[in-house]
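Chain residues, written in single-letter form:
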Amino acid sequence: MGASEALTDPSSLYNVGNNDLSDTETVLNVRNALASVQNGESDLYDQFVETIQINNRSDDALGAQLDALLKALSGSVACIDVNHHRRILSGIFGMSLWDHKPHVMDALVDLIISLAATSGKYLDNCLNMLIRHFVPPPWVIDRLWQNRVIVQKQDVLSRVHGALLKISLLVPLAPSRLLPMLAQQLPKINKKDQVVVIYVENLLKLENSSIGQVGGGMIFMMVMERLRDLDLEIDWDDILQDDSNRGMFDMELEDAMNEGDELPVGSLNQDTSRGKIESLDKLMVACFDHLESCNLHGRLDQVFEKLFDSFENFILNTYKSKVSQFLMFYACSLDPENCGVKFGSKLLDIFLSSNKPRPTRQVSLWMSAVAYLASYLARGKFLPVSYVATMLKRLVDECADYCRICNDDIRPEAHQLLYSGCQAIMYVLCFRMRSILDVPRFRSELIPLESILMHRLNPLMVCLPSVVAEFLRQAKAGGLFVVSDSFIFEDLLESELSRAFGGCERLDTFFPFDPCLLKSSNSNISGNFIYWSMVRPTYDKDDDEEEDDAEIIVNGDEESDEEDEGDLDYALNKMSITPKHSFKNKMERERLVKMPSMIRPSTSPESL
Amino acid sequence: MEGLKLTNAELMVYIHPSKSGNKLKAICRELSSLLFQYDETFDGVLLAFDVTVKSKGAKILAGLNPYFGVKVEASLLLFNPKPNSLVEGKIVKISPETIHVIVLGFSAAVVTDIDIREEFKYRMRNGEDCFVSSSHKRHVLKVGTMLRLQVESFDEEVMHIAGSLLPANTGCVKWLEQQSEEALHMDRDDHKRRKIA
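- Looking at an unreviewed UniProt entry, one finds chain B named DNA-directed RNA polymerase subunit and attributed to Brassica napus.
- Under the heading Function (unreviewed entry), UniProt records this for chain B: "DNA-dependent RNA polymerase which catalyzes the transcription of DNA into RNA using the four ribonucleoside triphosphates as substrates."
- Regarding chain B, the UniProt comment filed under Subcellular location (unreviewed entry) reads as follows: "Nucleus".

- An unreviewed UniProt entry lists chain A under the name (rape) hypothetical protein, from Brassica napus.
- Quoted verbatim from the Sequence similarities (unreviewed entry) heading of the UniProt record, the comment on chain A is "Belongs to the RRN3 family."

Written out as C-alpha cells, the structure reads:
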C-alpha cells in the first residue's frame, strides 16, 4: 500500500473522542505511514515528526493530537525501524514529561515502555530518557515553592518510577543496565543548583523499590561518593574562621548549635560555601529520611550491610570528611541492638585484622577504624554501657597482647597500632569513666590497662596530650589508678611525639564523630549524641577552688568524705602505685590541663 | 526446550597474586563475572558453571603483576537460542499488539501481532487481556501461561528474543502437551483396534 492510499488530511487520523474501532484504524494508518517512508513517500511521517516536536503545553487540541499519535505509535512499535525512522525516534527520546499535561505524559510513558520491551535496540535510549527526568528543568527548580509546580513534580516523578519498574518487570536485565546510567547522569556539584538533592532523592526512592534489590549497593556507593565529594569541597576551616592550621579536628560548638544559631561563615566565598553547605545539609537529611523509612519497613538490617560497604569504601579512608560519616551514626541510632552493635563490631574487626597475615599492611586503615570506634563509643548515647565495656575490654586485651610481643624499636612510628589503640581507650574513658567505674565487673576488666600504660613504649607520653591529661585526671579522681610520674603538659594539645605516631594524615587528632556542623542534620543527630558538656566526669567540674581534694584517693592515706564507697570498693580502689606527688597541692593540680570543651589551640582564653 | 546446552571446557584462569590464599574463590569470582553475558568463545550466554581445579602447579606470567594461571576443568551451562529453535517462557504482559514473555527468568522475549498466527484473536475476558484460539476454544494465552515460541532473532547484548507464534507447534505448553498425549493415546487405541480386528 502506498502513501497515496493514506489520508491526506492528518487531523482526521487522530479522531479524538472515539471508540475502539477507530483506534485500530489510527494504528493501521500510522503503520502504513511508517512503512511508506521506505518507499520514499514521507509526507505523513514528516507531519508526525512535527507533531512530536511541538512543545506547547497550553494548546489542548495539539495535546489531544499528540496523545492520539503517541498511543498509535505504541501500537506500532514493531513497525518502527531503527534506520528508516531515525527522526521520529530522536523526537520521541527528546521529549520530556515536564513539558506536557498528564494525559500526554501517560501516552508518552506507555510508548517508552513498549519501545523498551519490544526491542533490545531501544532499551538504553529509553532508560536514559527516563533518568533524565530526575534532573528537573531550571523553571521547576526556581519555583519549587509553588503548589502547582510541586504537583507537576509529583506527577512526573511518579510516572517515571512507575515506568522504570514496569520495564524492569518486562526486561529482567534492565536494572543492571540502568545502574551505570544512573551513575553517569548524576549531576556534578554545582554551586547554585540543588539539583543533586532531587536526583539523590530519586535514587533513594529507587533503592526502596524492586530495582534496589539488585542495585541497592551500587546506589549507596553513588550517594556516599557524592556526599563525600561535597563534604571535601567545603572548606571547613574557612567556615569556622580558624586561621590556624594546627587544629585539625572539630570544635565542639555545642553552645551555638544548641541555641539553633547559624554556622558562622567566613567572609570569603560566602555564597558558594553557603550553597554547598545547604546542599550537603539537604542531602544528609534526605538520606536520614530514607534510612528512617527503611527502618519503618523493617529493611534497615539488610540496608545496613550495603551502607557499611559504601562507608568502608569511601569514608573510612577519608580523614577530612566532617559530616558524611553521620549517616552511619544515624542508622545505628535507629536500631541500636542490631546496627549499632554491628557497626562497632565491624570497626573492631578491621582494627583486629592487623593481626592476621595480610599481603599488604594497611596501617592507616586500621588506625582510622579504631579512631572511628573510639569516637563512636564515646558519642553514641544509645549505646548501653555493657556494650562499651565489652568493646573496651577487647581493645585492652589487644593492646596488652601487643605489649607482650612487641619489638624493641622505640620510634613512635613503629608502634602506631598500639598508640592508636591506647588513645582510643583513653578517649572513650574520658567520656564514660564514671559509668564504667560504677560497675565493679567492668572496672575489673580494665585492670590490664595499668600495665599497658606503664609499658616501656610509654603510650602516655606519645598519645595526644590533651586526651592523656583529661584521662589521667579522671582516672585519679575515679580511683582507677594513680600514676607516679606527673604529667605536666603546659597547655599542649598535641606534641611532636603524637604527631609522629599520627603520621601525615594526623590520625592522632582524628575524632570523626565530633559534633555535626550542619544545622538540619544536627537536629536529627543531637538527640542521640553525647556532647562534652553532658559528660559527668569523675572529678567535680565546677570544683576548682576547693581545697578539699576528697575525690582523689591516694593510697589509703586519705579517706573520701563525699564519695562514700563501701569497703569492698575502697579496697579495689587501692590498685595504685605509691604516689610521689600528692594532689593535695592546689598548684600542682592546676598544672594538669583539663580537657577543654573547645579543643583548639586558641589565643583567646577558654570560655567555660 | 532447545537452545540450552551443557559443555565441558578446559580453561586457564589467571589470578592476581593477592588472591593466592583462596584460589577456588578467586576462580569462581572470575567466572561469575561472565555470568549472564554472551561470550563468543563459549558461543552462548553463560548461565551456570561448575569448576574443578585440575593441576596443582600453575604458570606464572612474567610482568608487572605476576598473575598466575590455573588450569581448571569446568562444565558450563550455555544458552544460545538459534533462529527457528523453540524456547519456552512465562507470559508477563499481553496487549493487543504484543505478547511479552520472560524466558529462563532473565531473557525478555516479545511476539508482535504480525508474528501471531491468524487463529489467535485478542480478547478481553473478565478484565484480563488474552489471546484465544478460534479453532480450539480451550487454547488460551494469558498472563502466567507458559508459552512455547519459535525464535526469530536473539539480541546478544540485551538478551532479547524476538519470537514468533506462526508455526503450529507453538502456543500454550500445557495445551500442546495435552494434545500430543491425546494423539499418542488415539494412536495406541487405533493400533489395538487394528490388532484385535
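## Topic: the domain arrangement of chain B
Residue and element names in this part refer to chain B.
Part 1 of the reasoning: Under the domain assignment, chain B is made up of domain 1 (4-79) and domain 2 (85-186).
Part 2 of the reasoning: Inter-centroid distance (C-alpha atoms) of domain 1 to domain 2 is 37 Å.
Part 3 of the reasoning: Taken together, the contact between domain 1 and domain 2 spans seven residues of the former and eight residues of the latter.
Part 4 of the reasoning: The contact between domain 1 and domain 2 buries some 600 Å² in all, and 90% of this surface belongs to carbon and sulfur atoms.
Part 5 of the reasoning: The largest share of the area that domain 1 buries against domain 2 comes from Phe36, Tyr38 and Phe79, three residues that together contribute 75% of it.
Part 6 of the reasoning: Where domain 1 packs against domain 2, one counts zero salt bridges.
Part 7 of the reasoning: Across the contact surface, domain 1 and domain 2 share zero residue pairs in polar contact (both at pLDDT 80 or more).
Part 8 of the reasoning: A per-class count over the side of domain 1 that touches domain 2 returns six nonpolar, one polar and no charged.

## Things to note about the interface of chain B and chain A
Part 1 of the reasoning: At the interface, 19 residues of chain B touch 19 residues of chain A.
Part 2 of the reasoning: At the boundary of chain B with chain A, total buried surface from both sides reaches about 1,400 Å², with 64% on carbon and sulfur atoms.
Part 3 of the reasoning: Ranking the residues of chain B by area buried against chain A places B:Glu97, B:Val158 and B:His160 at the top, with a combined share of 29%.
Part 4 of the reasoning: For the pair chain B and chain A, the number of links is two salt bridges.
Part 5 of the reasoning: One salt bridge connects B:Glu157 with A:Arg177, and the closest N-O pair in it is separated by 3.0 Å.
Part 6 of the reasoning: Taken together, the connections running from chain B to chain A amount to four residue pairs in polar contact (both at pLDDT 80 or more).

## What about the side chain of B:Ser107?
Part 1 of the reasoning: Along the polypeptide, B:Ser107 turns up in strand S8 (residues 107-112).
Part 2 of the reasoning: Engagement of the side chain of B:Ser107 in a polar contact is seen with the backbone oxygen of B:Met159, the distance being 2.8 Å.
Part 3 of the reasoning: With near-sequence residues (within four places) excluded, B:Ser107 lies in contact with A:Pro172, B:Val101, B:Ile102, B:Phe154, B:Met159 and B:Ile161.

## Points about a nonpolar patch on the surface
Part 1 of the reasoning: A grouping of B:Met12, B:Tyr14, B:Leu61 and B:Tyr67 is seen on the molecular surface, where their side chains present a nonpolar patch of about 340 Å² in accessible area.
Part 2 of the reasoning: One can find B:Tyr14 in strand S1 (residues 4-15).

## Overview of the packing of aromatic side chains
Residues and elements named next belong to chain A.
Part 1 of the reasoning: Applying the stated criterion to the full structure yields 29 aromatic pairs over all chains.
Part 2 of the reasoning: Taken together, a centroid distance of 5.5 Å and an interplanar angle of 70° make the contact between Phe329 and Phe382 edge-to-face. With Phe329 in helix H17 (residues 326-334) and Phe382 in the loop between helix H19 (363-379) and helix H20 (385-405), the pair connects residues that are 53 residues apart, well separated along the chain.
Part 3 of the reasoning: In this structure Phe329 comes out as buried when scored by relative accessible area, which is 0%.
Part 4 of the reasoning: Overall, Phe382 belongs to the buried group, its relative accessible area being 14%.
Part 5 of the reasoning: Aromatic pair Tyr419 and Phe501: ring centres 5.8 Å apart, planes at 55°, arrangement tilted. Highlighted residues: Tyr419 in helix H21 (residues 416-437) and Phe501 in helix H26 (residues 496-502), separated in sequence by 82 residues. Phe501 shares its class with Tyr419; the two are buried.

## Some thoughts on the sheet that holds strand S11 (residues 140-142) of chain B
Residue and element names in this part refer to chain B.
Part 1 of the reasoning: Read from one edge to the other, the open sheet built from three strands follows the order S9-S10-S11, with strand pairing classed as antiparallel. Each edge of the open sheet is held by one strand with a lone partner, namely strand S9 (120-125) and S11. The average undirected angle you get between the axes of adjacent strands in this sheet is 30°.
Part 2 of the reasoning: Sheet topology places S9 next to strand S10 (residues 128-133); six bridges connect them, and they run antiparallel. Note on S10: the bridge partner recorded for Arg123 is Cys130.

## Points about the pattern of salt bridges
Residue and element names in this part refer to chain A.
Part 1 of the reasoning: A full pass over the atoms with the stated rule returns 25 salt bridges over all chains.
Part 2 of the reasoning: Between Asp67 and Lys71 there is a salt bridge whose closest N-O contact spans 3.4 Å. Taken together, the residues Asp67 and Lys71, both in helix H4 (residues 60-75) and four residues apart, mark about one turn of the helix.
Part 3 of the reasoning: Lys346 is the partner of Glu305 in a salt bridge, and the nearest nitrogen-oxygen pair spans 3.1 Å. A residue pair is termed long-range when its members are at least 10 positions apart, and Glu305 in helix H16 (residues 300-314) and Lys346 in helix H18 (residues 336-352) qualify at 41 residues.
Part 4 of the reasoning: What emerges from the salt-bridge pattern is a single network uniting Asp301, Glu305, Lys342 and Lys346.

## Thoughts on H19(A)
Part 1 of the reasoning: For H19(A), built from 17 residues, the straight-helix expectation of 24 Å at 1.5 Å per residue is met to within 8% by its first-to-last C-alpha distance of 24 Å.
Part 2 of the reasoning: For H19(A), the buried fraction is high: 16 of the 17 residues fall into the buried class.

## A few points about the packing of H21(A) against helix H25 (residues 465-478) of chain A
To describe two helices that pack against each other, one gives the angle between their axes and the distance between the axes.
All names here are of chain A.
Part 1 of the reasoning: Closest axis-to-axis distance for the H21/H25 pair is 9 Å, and the angle between their directions is 30°. For the element pair H21 / H25, the angle class is roughly parallel. Here the hand of the crossing between H21 and H25 comes out left-handed. Here Gln423, Met426, Tyr427, Leu429, Cys430, Met433 and Leu437 of H21 lie close against H25, whose contacting residues are Val467, Val468, Glu470, Phe471, Gln474, Ala475 and Gly478.
Part 2 of the reasoning: Classifying every residue of the contact of H21 with H25 gives 10 nonpolar, three polar and one charged.

## What to know about the pairing of strand S12 (residues 146-155) of chain B
Along any regular strand, the residues point their side chains to alternate faces of the sheet.
Residue and element names in this part refer to chain B.
Part 1 of the reasoning: In this structure, strand S6 (residues 86-94) lies alongside S12, joined through five bridges in antiparallel fashion. Across the sheet, the residue bridging to Lys90 is Met146, located in S12.
Part 2 of the reasoning: Taken together, the two bridges between S12 and strand S14 (residues 171-172) define a ladder with antiparallel strand orientation. Note that in S14 the partner of Leu147 across the bridge is Cys172.
Part 3 of the reasoning: The pairing of S12 with strand S13 (residues 160-164) spans five bridges and is antiparallel. Counterpart to Val151 in the pairing with S13 is Gly163.
Part 4 of the reasoning: Counted between consecutive antiparallel strands, the loop separating S12 from S13 contains four residues, among which Met159 sits at a positive phi close to 60°.

## Topic: the domain arrangement of chain A
Residues and elements named next belong to chain A.
Part 1 of the reasoning: Along its sequence, chain A is carved into domain 1 (20-185), domain 2 (208-254 + 273-335) and domain 3 (351-539).
Part 2 of the reasoning: The gap between the C-alpha centroids of domain 1 and domain 2 is 36 Å.
Part 3 of the reasoning: Every contact between the two is made by nine residues of domain 1 and, on the other side, eight residues of domain 2.
Part 4 of the reasoning: Interface area, domain 1 with domain 2, both sides summed: about 670 Å², of which 92% is carbon and sulfur.
Part 5 of the reasoning: In terms of surface lost to domain 2, no three residues of domain 1 exceed Leu165, Pro175 and Leu179, which account for 61% of the buried area on that side.
Part 6 of the reasoning: Inspection of the region where domain 1 meets domain 2 yields zero salt bridges.
Part 7 of the reasoning: Between domain 1 and domain 2 we count zero residue pairs in polar contact (both at pLDDT 80 or more) in total.
Part 8 of the reasoning: Among the elements of the structure, helix H9 (147-170) and helix H10 (174-185) are those that each provide at least two residues to the side of domain 1 that touches domain 2.
Part 9 of the reasoning: Here the side of domain 1 that touches domain 2 gets six residues from one element, more than from any other, and that element is H10.

Calculation rules
- Residues numbered from 1 in each chain as written.
- Chains lettered and ligands numbered in written order.
- Predicted model: local features only at pLDDT ≥ 70, side-chain atom pairs only at ≥ 80, totals over all residues.
- Heavy atoms only, no water.
- UniProt positions renumbered as here; feature names shortened; annotations may be inferred.
- Domains from an automatic or database assignment.
- Contact = heavy atoms within 4.5 Å.
- Buried area = accessible area lost by both parts, 1.4 Å probe.
- Salt bridge = Lys/Arg side-chain N within 4 Å of Asp/Glu carboxyl O.
- Polar contact = N/O pair within 3.5 Å; in protein donor to acceptor, adjacent residues only side chain to side chain.
- Nonpolar A, V, L, I, M, F, W, Y, C, P; charged D, E, K, R; others polar.
- Helix = DSSP H or I, 4+ residues; strand = E, 2+ residues; numbered from the N terminus.
- Patch = residues over 30% accessible without salt bridge, like charges linked within 9 Å, V, L, I, M, F, W, Y side chains within 5 Å.
- Areas by Shrake-Rupley, 256 points an atom, 1.4 Å probe, with all protein chains shown as cover.
- Phe/Tyr/Trp six-rings, centres within 6.5 Å; stacked < 30°, edge-to-face > 60°.
- Buried < 20%, exposed > 50% of the residue type's maximum accessible area, 1.4 Å probe, protein only.
- Pairing = 2+ DSSP bridges.
- Axes fitted to C-alpha atoms, helices over the stretch in contact; angles between N-to-C directions.
- Expected span 1.5 Å × (residues − 1).
- Parallel < 35°, antiparallel > 145°, perpendicular 65-115°, else oblique.
- Left-handed = near helix turned anticlockwise from the far one by under 90°.

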